Amino acid sequence: MFVTVKKRAILLVLSIIIAVFGVIFIKNRQPVQSYVLGKTVVIDAGHGGIDGGVTGVNTGIKESEINLAVAKCLKSFLVYAGYKVVLTRSGEDSLKRGKLKDMEARAEVIKKANADLVVSIHQNDYPLNSVKGAQVFYAPNGECREIASVMQKALNERLSSTRKEATGDYYIIQCSSVPSILIECGFLSNPTEESKLITAEYQQKVAYAIFCGINQIMDIDSIMNRSV
Ligand SMILES: [Zn+2]
């Protein structure tokens, strides 16, 4: 009799604990936004391996390292929100030896991913070290001008940038029919911007700004439902 009562008491306590944790879990879980469902984003961390891209003016840090850190952080934001994410590279190395073969391998990843959006992450460089700010590039055919503009606004708001989106004749944003943009997150030739870009905290801030831009792009049906 005593054992049965004790068992019942334990079961009751366990039920209460499960119920309480269940409510907390449901309350804390963000609902997946409808525009996220079934959407795949390819994140391309530019450069890699012997191709380090541009280097920091004071620290000599390779652009490829920052690109990868931002890409991985962006991936975690997107996955948490419910997107499917494919990285062109997830390690420090390039996909293939030789720039052309490497770029073709990235194009292959984009095609296989059946993606809805491609975002290529880079860091910029300019001879005049006062030049700064994040900038979004789209292919010269102009088809992705609108999504580039949406992303540029998201970056300007969150990173205190004042730049404007522009066309760029880059392979990665022209190698498929998937809507594609290339983001130069900042200038490694600007000492102040470099000092921010090398920190995990600012890399997260950049990734979050891009994440917000992607959400806005996906939420604009008129843009994403059109075959660009
Ligand atoms: Zn680059």
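Residues numbered from 1 in each chain as written. Predicted model: local features only at pLDDT ≥ 70, side-chain atom pairs only at ≥ 80, totals over all residues. Heavy atoms only, no water.

### Examining helix α4 (residues 145–159)
Here is step 1 of the chain: For α4, built from 15 residues, the straight-helix expectation of 21 Å at 1.5 Å per residue is met to within 8% by its first-to-last C-alpha distance of 20 Å.
Here is step 2 of the chain: Listed as buried for α4 are I147, A148, S149, V150, M151, Q152, A154, L155, N156 and L159.
Here is step 3 of the chain: S160, located one to two residues past α4, shows a positive phi value of around 55°. (Helix = DSSP H or I, 4+ residues; strand = E, 2+ residues; numbered from the N terminus. Expected span 1.5 Å × (residues − 1). Buried < 20%, exposed > 50% of the residue type's maximum accessible area, 1.4 Å probe, protein only.)

### Re the environment of R145
Here is step 1 of the chain: Mapped onto the elements, R145 comes out in helix α4.
Here is step 2 of the chain: Here the alpha-carbon distance between R145 and A166, two residues 21 residues apart in the chain, equals 8.1 Å.

### A closer look at the pairing of strand β6 (residues 180–187)
Here is step 1 of the chain: Summarising burial for β6: 8 of the 8 residues are buried, a large majority.
Here is step 2 of the chain: One ladder, built from 3 bridges, connects strand β4 (residues 135–138) with β6; its direction is antiparallel. Considered in β6, the bridge of Q135 is made with E184. (Pairing = 2+ DSSP bridges.)

### A few points about the packing of aromatic side chains
We describe a pair of aromatic rings using the distance from one ring centre to the other and the angle between the two ring planes.
Here is step 1 of the chain: Per the stated rule, a full pass over the model turns up 4 aromatic pairs.
Here is step 2 of the chain: Their ring planes at 75° and their centres at 5.4 Å tell us that F77 and Y208 sit as a pair that is edge-to-face. Remark: Y208 occurs in helix α6 (residues 200–219) and F77 occurs in helix α2 (residues 63–81); sequence separation between them is 131 residues.
Here is step 3 of the chain: For F77, a relative accessible area of 24% gives the class partly exposed. (Phe/Tyr/Trp six-rings, centres within 6.5 Å; stacked < 30°, edge-to-face > 60°.)

### Regarding α2
Here is step 1 of the chain: The terminal C-alpha atoms of α2 lie 27 Å apart, and with 19 residues this matches the ideal 27 Å at 1.5 Å per residue to within 8%.
Here is step 2 of the chain: Close packing links the buried residues of α2 with β1 (40–45), β2 (84–87), β3 (117–124), α5 (191–197) and α6.
Here is step 3 of the chain: Immediately downstream of α2, the backbone of G82 shows phi near 110°, a positive value. (Contact = heavy atoms within 4.5 Å.)

### Remarks on the nonpolar core
Here is step 1 of the chain: Ranked by internal contacts, the top residues of the largest apolar core, which has 44 residues, are Y83, I210 and I214.
Here is step 2 of the chain: Elements that contribute at least two residues to this core include exactly β1, α2, β2, β3, β4, α4, β6 and α6.
Here is step 3 of the chain: Core analysis: the next-biggest nonpolar cluster, separate from the first, contains 13 residues, A107, I110, A113 and L182 among them. (Core = buried A, V, L, I, M, F, W, Y, C linked by side-chain atoms within 4.5 Å.)

### Remarks on the coordination of the zinc ion
Here is step 1 of the chain: Within the protein, the atoms that donate to the zinc ion are H47 (NE2), E63 (OE) and H122 (ND1), at distances of 2.1 to 2.2 Å.
Here is step 2 of the chain: Mapped onto the sequence, the donors of the zinc ion take the spacing H-x15-E-x58-H. On the criterion of sequence distance, the pair formed by E63 in helix α2 and H122 in strand β3 is long-range, its members being 59 residues apart. (Donors = N, O, S within 2.8 Å, 3.2 Å for Na, K, Ca; no water.)

### Quick notes on the layout of surface pockets
Here is step 1 of the chain: Taken as a whole, the second largest pocket spans an internal volume of roughly 160 Å³.
Here is step 2 of the chain: K132, G133, L159, S160, S161, T162, R163, N190, T192, E193, K196 and Y202 together form the lining of the second largest pocket.
Here is step 3 of the chain: The greatest single-element share of the lining of the second largest pocket, amounting to 3 residues, is contributed by α5.
Here is step 4 of the chain: Across the lining of the second largest pocket, the residue classes break down as 2 nonpolar, 6 polar and 4 charged. (1 Å grid on protein atoms, 1.4 Å probe; cavity = no way out; pocket = protein on both sides within 12 Å on 5 of 7 lines; lining within 4 Å. Points joined across faces, edges and corners; volume = space filled by probe spheres on them. Nonpolar A, V, L, I, M, F, W, Y, C, P; charged D, E, K, R; others polar.)

### What to know about unusual backbone geometry
Trans peptide bonds make up most of the peptide bonds, and negative phi angles are found at most residues other than glycine.
Here is step 1 of the chain: Of note in the backbone geometry, N114 takes a positive phi value of approximately 50° without being a glycine.
Here is step 2 of the chain: Topologically, N114 is positioned in the loop between α3 (99–113) and β3.
Here is step 3 of the chain: Owing to a relative accessible area of 64%, N114 belongs among the exposed residues under this scheme.
Here is step 4 of the chain: In the Ramachandran plot, S160 falls in the positive-phi region, its phi being about 55° despite a non-glycine side chain.
Here is step 5 of the chain: Along the polypeptide, S160 turns up in the loop between α4 and β5 (166–167).

### Focus on the side chain of K39
Here is step 1 of the chain: For K39, the location among the structural elements is in the loop between α1 (2–28) and β1.
Here is step 2 of the chain: Once residues within four sequence positions are removed from consideration, K39 is found in contact with Y83, K84, D116 and M218.

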